[in-house]
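Structural overview
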Amino acid sequence: MSSRVEYEPVSVKALLAEMKDTSELLIDLSYSAVLHRSDAVAAEVLELEERMDVLQLRARMSILLAARNKEDAETLAPVLGIIGAAEKVSDAAGDIAKVVLEDIGVPDHIRSALPEAVETLVRAKVRSASPYADQTLGAINMETETGVRVLAIRRGGDWVMNPDKSTTLQGEDVLLLRGPEEGIETVYERATGDTYERPPPSEPNVADLERAVNSLVLMKTMSELAVDLAYGSVLFHSTDLAEEVVELEAEVDALKSRFEAWTLRAAGRVDDPVALRGLMQIATSTEIISDAALEISEGVLRGLDTHVVVQEAVEESDEIIARTSVAEGSDLDGTTIGERAVKTQTGMRVIAVRRPGAEGDEWVVQPGPTTDLKAGDVLLSKGTRAGANRLRELAGREPIHEE
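Residues numbered from 1 in each chain as written. Predicted model: local features only at pLDDT ≥ 70, side-chain atom pairs only at ≥ 80, totals over all residues. Heavy atoms only, no water.

For the rest of this paragraph, the subject is the nonpolar core. Core analysis: the largest hydrophobic core is formed by 76 residues, its most contacted members being Leu25, Leu29, Leu225, Leu229 and Leu380. In terms of residue count, helix 8 (residues 207-236) provides more of this core than any other element does, 14 residues in total. Excluding anything up to four places from it in sequence, leucine 29 contacts Val41, Val45, Leu48, Leu121 and Leu176. (Core = buried A, V, L, I, M, F, W, Y, C linked by side-chain atoms within 4.5 Å. Buried < 20%, exposed > 50% of the residue type's maximum accessible area, 1.4 Å probe, protein only. Helix = DSSP H or I, 4+ residues; strand = E, 2+ residues; numbered from the N terminus. Contact = heavy atoms within 4.5 Å.)

Okay, structure coming up:
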């Protein structure tokens, strides 16, 4: 049974920043638990979900104490909406993790459906004799040497979110790692002393099931992107970003309809149709995540001012999200992401491209070095304010963010 949660005089800004980072990490962890059939990672999801429950209760308490008149109520109401939406993301992630923990079952093909470029996320417990024990991340130089990044650390009942180069690793720390599988193998062995075992690939034996899983993977990617953009819309009070969230939420709804159709067709051709239950639960939870993203940006869409405490929390919690359209004749027009070396030149990672067309917009999610860019494309990217300005210059647009 959960323990009683009492009010603590904690900054609302700090609570919101941790909720944002926690909800984004929960999405990563929950899908990774399914993709790698990892009970250990799924258990971490439920630990974080319980932490999120405490955070949202304390945030609500602080906001209720802060509201003294109707003006306060008007500015703080959207903050309550953001808190509620973050909790929905947490609950949905928990439901995805339970697919693993309760052995509901999903087709093996869901793992091989991921693009090869997607990085692996694993859980590793630092043994006391590890070369990482009692060393800072800066001294280990892990990310530079292996490409693996520590997303978060669980130390007993406490969490260290977004650790940096000054963070010291300790024996018994539980690390949540993300990176290429080659690097993961090295880091996992150094941290735990055990050999990392890659999950075996599998191939589908039903075409309709392959289509269903591919639709689900695309839903996942778009829902994650929607959450990123929703927080970006709040930070910049940007109706442009909020409208992108609306577009993505509609895309996820359409994908879910296609997913359901393919899954129902596949049910008559698989040996055990009940084994598809897990897919259905994941799809429902994924749609909830995209709906929650829309709720986060609802205040912006309705023209309500974003409370300064929310803007500061989003700004301090992690990287920013930027939206940039490519101008005709600019440095990006008629080239590719790799040819222009966008990441190297600007420090911004392009996470999606929306391309307007006569028959509706075309989305390129998880764009890579070979992704073509042309005038009219809308680039959605993640990085720093200074990087966002440099990207706008390449796209032929005026800088808008203060450096």
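So that's the structure; there's more coming.
Turning our eyes to something else, we now look at the pattern of salt bridges. Using the criterion set out here, one finds 18 salt bridges in the structure. A salt bridge links lysine 20 to glutamate 24; its shortest N-O distance comes to 3.3 Å. Linking lysine 20 with glutamate 24, this pair stays in helix 1 (residues 12-35), spanning four residues, or about one helical turn. On the basis of relative accessibility, which here comes to 17%, the residue glutamate 24 falls in the buried class. We note a salt bridge from arginine 155 to aspartate 173, for which the minimum N-O separation is 2.7 Å. With arginine 155 in strand 2 (residues 149-155) and aspartate 173 in the loop between strand 3 (158-161) and strand 4 (174-179), this residue pair connects regions lying 18 residues apart in the sequence. What makes arginine 155 partly exposed here is its relative accessible area of 26%. Residues joined in a network through salt bridges with shared partners are Lys20, Asp21 and Glu24. (Salt bridge = Lys/Arg side-chain N within 4 Å of Asp/Glu carboxyl O.)

Glancing now at helix 10 (residues 277-296). With 20 residues, helix 10 extends 29 Å between its outermost C-alpha atoms, agreeing within 8% with the 28 Å of an ideal straight helix rising 1.5 Å per residue. For helix 10, every residue scored as buried is listed here: Gly278, Leu279, Ile282, Ala283, Ser285, Thr286, Ile289, Ser290, Ala292, Ala293 and Ile296. (Expected span 1.5 Å × (residues − 1).)

Here we take up the environment of aspartate 158. Mapped onto the elements of the fold, aspartate 158 is located in strand 3. Aspartate 158 sits in the exposed class, given a relative accessible area of 55%.

Helix 10 packs onto helix 3 (residues 70-101) with a crossing angle of 170° between their chain directions and a minimal axis gap of 9 Å. By the angle class used here, helix 3 and helix 10 are roughly antiparallel. Relative to helix 10, helix 3 is oriented so that their crossing is left-handed. Only Gly278, Gln281, Ile282, Ser285, Thr286, Ile288, Ile289, Ala292, Glu295 and Ile296 of helix 10 make contact with helix 3, whose side of the interface consists of Ile82, Ala85, Lys88, Val89, Ala92, Asp95, Ile96, Lys98 and Val99. Broken down by class, the residue content of the contact of helix 3 with helix 10 amounts to 11 nonpolar, four polar and four charged. (Axes fitted to C-alpha atoms, helices over the stretch in contact; angles between N-to-C directions. Parallel < 35°, antiparallel > 145°, perpendicular 65-115°, else oblique. Left-handed = near helix turned anticlockwise from the far one by under 90°. Nonpolar A, V, L, I, M, F, W, Y, C, P; charged D, E, K, R; others polar.)

Within the element layout of this structure, glutamate 224 appears in helix 8. Using a relative accessible area of 18% as the deciding quantity, one classes glutamate 224 as buried. The contact partners of glutamate 224, leaving out residues within four places of it in the chain, are Ile27 and Asp28.

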